[in-house]
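One-letter residues, chain by chain:
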4 protein chains.
Amino acid sequence: MNVIVWNENRHEKINPVVAEIYPDGIHGAIASFLQTEEIEVKTATLDEVEHGLTDEVLNETDVLVWWGHMAHDEVEDTVVEKVYHRVLAGMGLVVLHSAHFSKIFKKLMGTSCDLKWREVGEKERLWVVDPSHPITSGLDQWIDIEKEEMYGEHFDIPTPDQLLFISWFEGGEVFRSGATYQRGKGKIFYFRPGHETYPTYYHKEIQTVIKNGVNWVRGDNTPTPEYGNVDPLETISKNKTKEID
Amino acid sequence: MNVIVWNENRHEKINPVVAEIYPDGIHGAIASFLQTEEIEVKTATLDEVEHGLTDEVLNETDVLVWWGHMAHDEVEDTVVEKVYHRVLAGMGLVVLHSAHFSKIFKKLMGTSCDLKWREVGEKERLWVVDPSHPITSGLDQWIDIEKEEMYGEHFDIPTPDQLLFISWFEGGEVFRSGATYQRGKGKIFYFRPGHETYPTYYHKEIQTVIKNGVNWVRGDNTPTPEYGNVDPLETISKNKTKEID
Amino acid sequence: MNVIVWNENRHEKINPVVAEIYPDGIHGAIASFLQTEEIEVKTATLDEVEHGLTDEVLNETDVLVWWGHMAHDEVEDTVVEKVYHRVLAGMGLVVLHSAHFSKIFKKLMGTSCDLKWREVGEKERLWVVDPSHPITSGLDQWIDIEKEEMYGEHFDIPTPDQLLFISWFEGGEVFRSGATYQRGKGKIFYFRPGHETYPTYYHKEIQTVIKNGVNWVRGDNTPTPEYGNVDPLETISKNKTKEID
Amino acid sequence: MNVIVWNENRHEKINPVVAEIYPDGIHGAIASFLQTEEIEVKTATLDEVEHGLTDEVLNETDVLVWWGHMAHDEVEDTVVEKVYHRVLAGMGLVVLHSAHFSKIFKKLMGTSCDLKWREVGEKERLWVVDPSHPITSGLDQWIDIEKEEMYGEHFDIPTPDQLLFISWFEGGEVFRSGATYQRGKGKIFYFRPGHETYPTYYHKEIQTVIKNGVNWVRGDNTPTPEYGNVDPLETISKNKTKEID
């Protein structure tokens, strides 16, 4: 399996707090816990040519993990379009934290993806609400994160196909923190945690969820639908009538 | 309730078959069966200024019914954007037949909305698969249409929030013919039948479904979410600690 | 519309705290705010003959509201069976609070309907997560209840057809507090609040939700499916072959 | 992985047509194509002690495949109850064809599971409507079965969590032929084809679907929820107030 961890990699360059927590970038931290014998992980970042997502790279990618925050607008529409078509064609997509506002996620959702937020370093507790789902494998009933940014409802997304986690926040809000969607042949997993100023991606259970998510969104050898004008598979009585005429 | 029936109104102008079936346009036919004492129906078409969908018109519209086919690309992106925001803000949207490929529907779905099709005038039978839903009110177990265009699976849409009808086609295909979605505060109903060369919109049961659909997508006095940065509703322990420091 | 508010009416008889809050019983309190010119509301309780739910009563009932807690086991299976068939036939059902453990709800869900709970009188905040749904009409973004029993995830229910509310609890839990289901021709709305020792059913916004729920679950003139052996609607080629033989 | 293929095994004993098609029983035919190096497959039948489903057997079973038709009523309620609790605890369940009317499926669904049917040996075509789902892996866009029993809508099931296949029948009906559900920690896959008088379970693509289904319903190491009375995870302000008093 080929996985690309994409990161805009900007906070890391301008904010020493972030640089200290993630010396190899958020992408580096995520790539390092995803890498296994079965999973070949590479990274790509905003400032690379074509944001590191050339046709060649995308066509070989089974799962794309996306982190972005302050530079969503700098992602070129042509790249977004290519990623979009790859997802519909079966590439898995894991969307993390502030990438709720990325162009690719908004395009795939069809909504504003807006939400409430607050950055005071409060406690987040993610409750598993679907204990049948493989993405919850290896977890306990909930995950505690001592300090995170708050995201609160209403989260303006379509009704999730599957809702896996609901977050409780110390300040009084809740949030649908883990949700899956299918789009064409592609599967998408949105997972909330991961503000850049906290060491969330070193949290073992958060890593477990992201690993599970990558495995779950991976495509299978599912059928590729053909679209457009088609001949009938059965005899049409009206046509027969015409033939008789 | 204010309803706008929007139609590109092009086939009617260039194809005598369509003009004969729908002398007042498809919009005229639909408007005439929707009009009641409680429902004020107006029409709008592609060739009007701003396609007949000015801010003034849109802001007063409770439900927009959309029919388009050959000229989707001529619908201006600025108008699509305004309709999109009105839907998220609670305007109901009924999307008919070939409007599956309209800009507004594709934008709200986040998928290609592609499908198989064939135009030989075959029989379609729409089966009710959710007999609890108000949109099926007044119907029998199924609806027969003697001659229609075929639309076949795979229909590249997100998983419907509610699947109401499945079509059987004489030529061997099936189709998810009636589906609802929520987007923001808005409700959307997609309904398949209505090819321009058949008198489908004079069919009493098809009219019943569209009437029910218009009533169902109509918005209520539901809450308007606020988004962005918010203060905590409860005391944050970490902050208290800081204050003590 | 005919509505029956059913209550086991036991806490009221044995617990003076409950009797003081609800002198006419929980059923009396709910009935009094549901009653309007359009809605004829009656009540029924466990200790009546057939629990007040005779065939005659049930057959005329459009919507049944159910509250039970300490005496679920005393509800006769024959009555449960009759209510079940009425729901499948289109009677609306509103299930309140501890009725998550009622025989009828468990039978309709197919799961244990178990949950976490705690009774210390903590704060509950219900967040609207689907602002397109009529049941949220007239509400603000959230509802605060100063003192309630806590119900916490995992709530062992099937994936809701529509998830409307998520509760935040002071003690650190979350809960899917408002959920809808369709079963046959019937619609069901589960709504969490309403512990007997708190005056929750006098809370204006809670009343709004229950009123909206009653209106939403009400059945329409939807098709009644026929089941069993049926003749083909189209010619079967194999049969034709046989006829030729 | 331990799989049990359960079959009532009655038609095979009394109907020579069935006995000739399935000399080792339907269970034998299914078991033989499921068996691999990774999957240990055993069978169990109605006439065995406890229907072959003792506590010992059930506790070691990862996935149970169920086929029944003429003797649903002979399945003991105690065994149904045990299977039910095993599903909620994470055992996967694949329900085939006429087992739509089995006690265990009806109990897990909460509906009548009724449908239309006809037995004239007509053509069935199963269309894939979710090409993102692992259960469709290895398939083409549709599956043709030359002769099958017809099952038609309305199929009285809850809204599927995931709808994978829709069948087209020669006689004019459609059917939701492949559907998944989660119940507690358990996953369920219902798959329509497999009437006893046709060699459907020798059909390569039908075998592919059942193999995929068995793999998909298999449980993971997901969290086991605890239910009942719990202490707060956070400090409750009201309690503090009381303590101060």
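Every value quoted in this text rests on a predicted model; they were computed, and no experiment measured them. (Residues numbered from 1 in each chain as written. Chains lettered and ligands numbered in written order. Predicted model: local features only at pLDDT ≥ 70, side-chain atom pairs only at ≥ 80, totals over all residues. Heavy atoms only, no water.)

Caption draft 1: How the structure looks around the overall build of chain A. When its secondary structure is counted, chain A shows eight helices and 10 strands. The buried share of chain A, reckoned over its 245 residues, is 65%. A separation of at least 24 residues holds for 72% of the contacts in chain A among residues at least 6 apart in sequence. As displayed, chain A has an accessible area near 8,700 Å², and 47% of this comes from carbon and sulfur atoms. Distance between charge centres in chain A, computed from 24 positive and 42 negative side chains, equals 4 Å. (Helix = DSSP H or I, 4+ residues; strand = E, 2+ residues; numbered from the N terminus. Buried < 20%, exposed > 50% of the residue type's maximum accessible area, 1.4 Å probe, protein only. Contact = heavy atoms within 4.5 Å. Areas by Shrake-Rupley, 256 points an atom, 1.4 Å probe, with all protein chains shown as cover. Lys, Arg positive; Asp, Glu negative; His and termini not counted. Charge placed at Lys NZ, Arg CZ, Asp CG, Glu CD.)

Caption draft 2: Focus on the interface of chain D and chain C. At the interface, 48 residues of chain D touch 49 residues of chain C. The junction of chain D with chain C conceals about 3,700 Å² of combined surface from both sides, 51% of it contributed by carbon and sulfur atoms. Between the two partners, chain D and chain C, sit zero salt bridges. Between the two partners, chain D and chain C, sit 26 residue pairs in polar contact (both at pLDDT 80 or more). Those elements that provide at least two residues to the side of chain D that touches chain C are helix H5 (77-88), helix H6 (103-109), strand E5 (116-128), strand E6 (142-152), strand E8 (174-183), strand E10 (228-229) and helix H8 (237-244) of chain D. Broken down by element, the side of chain D that touches chain C gets its largest block of residues, six residues, from E5(D). Here the side of chain D that touches chain C is composed, by residue class, of 16 nonpolar, 15 polar and 17 charged. Across two bridges, the pairing between strand E10 (residues 228-229) of chain C and E5(D) is parallel. The partner of Asn229(C) across the bridge, within E5(D), is Trp117(D). (Buried area = accessible area lost by both parts, 1.4 Å probe. Salt bridge = Lys/Arg side-chain N within 4 Å of Asp/Glu carboxyl O. Polar contact = N/O pair within 3.5 Å; in protein donor to acceptor, adjacent residues only side chain to side chain. Nonpolar A, V, L, I, M, F, W, Y, C, P; charged D, E, K, R; others polar. Pairing = 2+ DSSP bridges.)

Caption draft 3: Representation of the pairing of strand E7 (residues 162-169) of chain C within the structure. All names here are of chain C. Burial runs high along E7: eight of the eight residues are buried. Bridge analysis of strand E5 (residues 116-128) against E7 gives five bridges, and the strand direction is antiparallel. Across the sheet, Leu 126 pairs through a bridge with Ser 167, a residue of E7. Here six bridges tie E7 to strand E8 (residues 174-183), and the two strands are oriented antiparallel to one another. Among the inter-strand pairings, Trp 168 is bridged to a residue of E8, identified as Val 174. Joining the antiparallel neighbours E7 and E8 is a turn of four residues, in which Gly 172 adopts a positive phi near 110°.

Caption draft 4: Representation of the UniProt feature "domain: ThuA-like" (unreviewed entry) in chain A in the model. Residues given the UniProt feature "domain: ThuA-like" (unreviewed entry) here are residues 2-217 of chain A. Secondary structure within residues 2-217 of chain A divides into 27% helix and 32% strand; the distance between the first and last C-alpha atoms comes to 12 Å. (UniProt positions renumbered as here; feature names shortened; annotations may be inferred.)

Caption draft 5: Highlighting the relation of the copies chain D and chain A. With an RMSD of 0.0 Å, chain D superimposes on chain A once it is rotated by 180° and translated 0.0 Å along the axis. The relationship between the two copies is best expressed as a two-fold rotation axis. Within chain D, Asp161(D) has its C-alpha nearest the rotation axis, a separation of 3.9 Å. The residues that chain D uses at the interface reappear at the interface of chain A in 100% of cases, marking a shared surface. (Least-squares fit on C-alpha atoms with pLDDT ≥ 70 in both.)

Caption draft 6: Just the pattern of salt bridges, in detail. Applying the stated criterion across every chain, the model contains 64 salt bridges over all chains. The residue Asp144(D) makes a salt bridge to Arg125(D) at a minimum N-O spacing of 2.8 Å. Within this pair, whereas Asp144(D) is found in strand E6, its partner Arg125(D) is found in strand E5, the two being separated by 19 residues in sequence. We classify Arg125(D) as buried; its relative accessible area is 2%. Through salt bridges with shared partners, one network takes in Arg10(A), Lys13(A), Asp47(A) and Glu74(A).

Caption draft 7: Focus on helix H7 (residues 204-217) of chain B. Along its 14 residues, H7(B) runs 20 Å from first to last C-alpha, staying within 8% of the 20 Å computed at 1.5 Å per residue. Residues Ile206(B), Gln207(B), Val209(B), Ile210(B), Asn212(B), Gly213(B), Val214(B), Trp216(B) and Val217(B) constitute the buried set of H7(B). (Expected span 1.5 Å × (residues − 1).)

Caption draft 8: Focus on the packing of aromatic side chains. According to the stated counting rule, one finds 42 aromatic pairs over all chains in the structure shown. For the pair Phe165(C) and Phe191(C), a centre-to-centre distance of 5.6 Å together with 55° between the ring planes defines the contact as tilted. With a gap of 26 residues between them, Phe165(C) in strand E7 and Phe191(C) in strand E9 (residues 186-191) connect regions that are remote in the sequence. Accessibility assignment for this pair places Phe165(C) and Phe191(C) in one class, buried. Through successive ring pairs, a cluster of aromatic residues spans Phe105(A), Tyr151(A), Phe155(A), Phe175(A) and Tyr190(A). Its guanidinium or amino end placed over the ring of Phe101(A), Lys106(A) lies 5.1 Å from that ring's centre, counting from NZ or CZ. (Phe/Tyr/Trp six-rings, centres within 6.5 Å; stacked < 30°, edge-to-face > 60°. Lys NZ or Arg CZ within 6 Å of the ring centre and 35° of its normal.)

Caption draft 9: Local environment of the side chain of Lys116(B). In this structure, Lys116(B) sits in strand E5 (residues 116-128). Summary of buried charges: Lys116(B) has no salt-bridge partner, and the nearest side chain of opposite charge, Glu226(A), is 6.4 Å away. A polar atom in the side chain of Lys116(B) sits 3.0 Å from the backbone oxygen of Glu226(A). In terms of polar contacts, Lys116(B) uses its side chain to reach the side chain of Gln141(D), at 2.6 Å.

Caption draft 10: How the structure looks around the environment of Glu40(D). Within the element layout of this structure, Glu40(D) appears in strand E2 (residues 40-45). Separated by 119 residues in the primary sequence, Glu40(D) and Thr159(D) place their C-alpha atoms 33 Å from one another.

Caption draft 11: Seen up close, the interface of chain D and chain A. Each partner contributes residues to the interface: chain D has 32 residues there, and chain A has 32 residues. Where chain D abuts chain A, roughly 2,500 Å² becomes buried across the two surfaces, and 55% of that area is made up of carbon and sulfur atoms. On the chain D side of the interface with chain A, the three residues burying the most area are Pro131(D), Ser132(D) and Pro223(D), jointly 23% of the side's total. Inspection of the chain D/chain A interface yields four salt bridges. In this structure, Lys123(D) and Glu234(A) form a salt bridge, with 3.1 Å as the shortest nitrogen-oxygen distance. At the surface where chain D touches chain A, the tally comes to 16 residue pairs in polar contact (both at pLDDT 80 or more). Examining the composition of the side of chain D that touches chain A, we find that four residues originate from one element, E5(D), more than from any other. Considered class by class, the residues forming the side of chain D that touches chain A number 10 nonpolar, 13 polar and nine charged.

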